[in-house]
Amino acid sequence: MSKLREKSNFNLDAAEYLIAQDLYAPSVHCSYYSCFQLLKFIIQDFFGVDYDAQRNELRVNKQTSHNYVIQYIINELKQLEKKVDVRRKLIRQISQLKQLRVESDYLDIEISLEKSRQALTYANDIRSYAISNFHL
């Protein structure tokens, strides 16, 4: 198994554990990274853009790795996913999960149980779609 995919699985497990321990902010971080790492792996494994090519793309286009990965997947979803409602839901969930991660990691606000559970729900939905549709 890919080390990045394995880390993705670890982060999902960590998010669940952290919620059970009432550590909500770090759980959101782990939920987000479980998806980010899986999506980065999918770009390499399913779409054939290896990690070096991804890094080069970041340098050329002066993008952050997070924006690159999310935008790449969104663009592919627009081409691959024929069901508009499914595509819109996934794009919305990816964007909302990223926003929750920003709130959790960078803003001076409380992260509630509700927000941490919402992040985990988004992560599970995104991962479930990815695993079933990108032949993982």
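Residues numbered from 1 in each chain as written. Predicted model: local features only at pLDDT ≥ 70, side-chain atom pairs only at ≥ 80, totals over all residues. Heavy atoms only, no water.

This part takes up unusual backbone geometry. Despite not being glycine, Asp22 has its phi angle at roughly 65 degrees, a positive value. A positive phi angle is found at Lys62, which is not glycine, with a value near 50 degrees. In this fold, Lys62 is placed in the loop between helix H3 (51–61) and helix H4 (65–80). (Helix = DSSP H or I, 4+ residues; strand = E, 2+ residues; numbered from the N terminus.)

Below, the discussion takes up empty space enclosed by the protein. A full pass over the atoms with the stated rule returns two cavities of 30 Å³ or more. A volume near 50 Å³ is recorded for the largest cavity. Leu39, Ile73, Leu77, Leu90, Ile94, Ile126, Tyr129, Ala130 and Phe134 together form the lining of the largest cavity. Sorting the residues of the lining of the largest cavity by element identifies H4, helix H5 (84–106) and helix H6 (113–133) as the ones contributing at least two each. The biggest single contributor to the lining of the largest cavity is H6, with three residues. (1 Å grid on protein atoms, 1.4 Å probe; cavity = no way out; pocket = protein on both sides within 12 Å on 5 of 7 lines; lining within 4 Å. Points joined across faces, edges and corners; volume = space filled by probe spheres on them.)

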